Amino acid sequence: SWRDQFLYQLILDRFSDDNENQRELFDHTNPAKFQVKDKADWMAAGTKFVGGTLRGIKSKLDYLQRLGVTTLWINPPWQQRSELEAYHSDRIQEFLDVDPNFGTRQDLRDLIDAAHDRRMYVILDVIYNQSADNWFNRDEVIASLARVYQYWIALSDCDGLRIDSLKHISPEDSRKFCTAIGEYAQSIGKENFLLTGEMTSGSMASAYIDIIGRNLTAVLDIVQAPNELTGFARGLVHPKQF
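In this text, all values refer to a predicted model and were calculated from it rather than measured experimentally.

A. Geometry of the overall build of the protein. In terms of helices and strands, the protein carries 10 helices and eight strands. Looking at the protein as a whole, 40% of its 242 residues are labelled buried. Within the protein, contacts between residues at least 6 apart in sequence are counted, and of these 72% link residues at least 24 apart. Accessible area of the protein: about 13800 Å², with a carbon and sulfur share of 49%.

Laid out in structure tokens, this is it:
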């Protein structure tokens, strides 16, 4: 059951390059030594690729497993248009290849195989809304995107997809996409493939789930639920409301 999984979300470019042993460890007794000397350069570095790779994630699987993580949720590894997209990853240049800054398609498969060897699962972030904003024939776009991500499911052996910005897509279009993905996953033996979509309010979920049926496994409420949780922790929201 996906309810039993402990998910760990990471930004591929910002997690690990597997070269940590070549750099000096942070010294908590002398933090001034590591203080940023040029704030402007430090801020500018945040708009460029930092150096995290798929191999870097693979090198940390034992560490992540010791934390209790059972599922990795990785942001899109597809090839980006520029360094400025390294963090947001919402503008894809090449749908059928891994960004060379992150590694190769084989690196992605090796990572997921290594995770599976540890009985860990891997969910990939997919871009849906931004990929189709300016395309004319929506049905053709949905069918094309579905084929793209069917390709990645087959190549990578991933265990689920998290659909970005589902809140901006009509329930009808989402149903078509999720149905195509769900049916394909089942056809290759992935009967419990996770499909979750980003919402801004739990109140939106029922409309999507009613129309999509069981094709959407879950919704990710990124506004209402976190606010209620914060209020609950501060004693401002009744526990039953959360």
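B. Expanded view of the sheet that holds strand E7 (residues 194-199). Sheet architecture is open: six strands sit in the order E1-E2-E5-E6-E7-E8, paired in parallel fashion. Two strands bound the open sheet, and with one partner strand each, they are strand E1 (7-10) and strand E8 (218-221). Shown here is a sheet whose adjacent strand axes are inclined to one another by a mean of 25 degrees, direction ignored. When E1 meets strand E2 (residues 71-74), the two strands line up parallel, connected through four bridges. Its bridge partner being in E2, Gln9 is matched across the sheet by Trp73.

C. Just the packing of helix H7 (residues 138-156) against helix H8 (residues 171-187), in detail. Between H7 and H8, the least distance of the axes is 9 Å, while the angle of their chain directions is 30 degrees. When the interaxial angle is binned, H7 and H8 end up roughly parallel. When the axes of H7 and H8 are compared, the crossing they make is right-handed. Facing Arg138, Asp139, Ile142, Leu145, Ala146, Tyr149, Gln150, Ile153 and Ala154 of H7, the residues of H8 in contact are Asp173, Lys176, Phe177, Ala180, Ile181 and Tyr184. Here the residues of the contact of H7 with H8 are counted per class, giving 10 nonpolar, one polar and four charged.

D. Here's a closer look at unusual backbone geometry. Positive phi, normally seen in glycine, also occurs at Asp18, with a value near 65 degrees. Here Asp18 lies in the loop between helix H1 (12-15) and helix H2 (39-45). You can call Asp18 partly exposed: its relative accessible area is 38%. A positive phi is found at Arg119, a non-glycine position, where the angle reads about 60 degrees.

E. Region of interest: the side chain of Thr196. Along the polypeptide, Thr196 turns up in strand E7. Among the residues examined, Thr196 registers a relative accessible area of 10% and is labelled buried. Setting aside chain neighbours within four positions, we find Thr196 in contact with Leu161, Arg162, Ile163, Leu216, Ala218, Val219 and Leu220.

F. Quick look at H8. Relative to the 24 Å expected for 17 residues at 1.5 Å per residue, H8 spans 24 Å between its end C-alpha atoms, a close match to the ideal helical length. Burial in H8 covers these residues: Pro171, Asp173, Ser174, Phe177, Cys178, Thr179, Ile181, Gly182 and Ala185. Positive phi appears at Gly189, one or two residues downstream of H8, with a value of about 95 degrees.

G. A look at the pairing of strand E5 (residues 121-126). Counted residue by residue, E5 has five buried out of six residues, so it is predominantly covered. Where E2 meets E5, four bridges bridge the pair, whose relative direction is parallel. Counted as the bridge partner of Ile74 is Leu124 from E5. Pairing of E5 with strand E6 (residues 160-163), which is carried by four bridges, proceeds in the parallel orientation. The partner of Asp125 across the bridge, within E6, is Arg162.

Basis of the calculations
- Residues numbered from 1 in each chain as written.
- Predicted model: local features only at pLDDT ≥ 70, side-chain atom pairs only at ≥ 80, totals over all residues.
- Heavy atoms only, no water.
- Helix = DSSP H or I, 4+ residues; strand = E, 2+ residues; numbered from the N terminus.
- Buried < 20%, exposed > 50% of the residue type's maximum accessible area, 1.4 Å probe, protein only.
- Contact = heavy atoms within 4.5 Å.
- Areas by Shrake-Rupley, 256 points an atom, 1.4 Å probe, with all protein chains shown as cover.
- Pairing = 2+ DSSP bridges.
- Axes fitted to C-alpha atoms, helices over the stretch in contact; angles between N-to-C directions.
- Parallel < 35°, antiparallel > 145°, perpendicular 65-115°, else oblique.
- Left-handed = near helix turned anticlockwise from the far one by under 90°.
- Nonpolar A, V, L, I, M, F, W, Y, C, P; charged D, E, K, R; others polar.
- Expected span 1.5 Å × (residues − 1).

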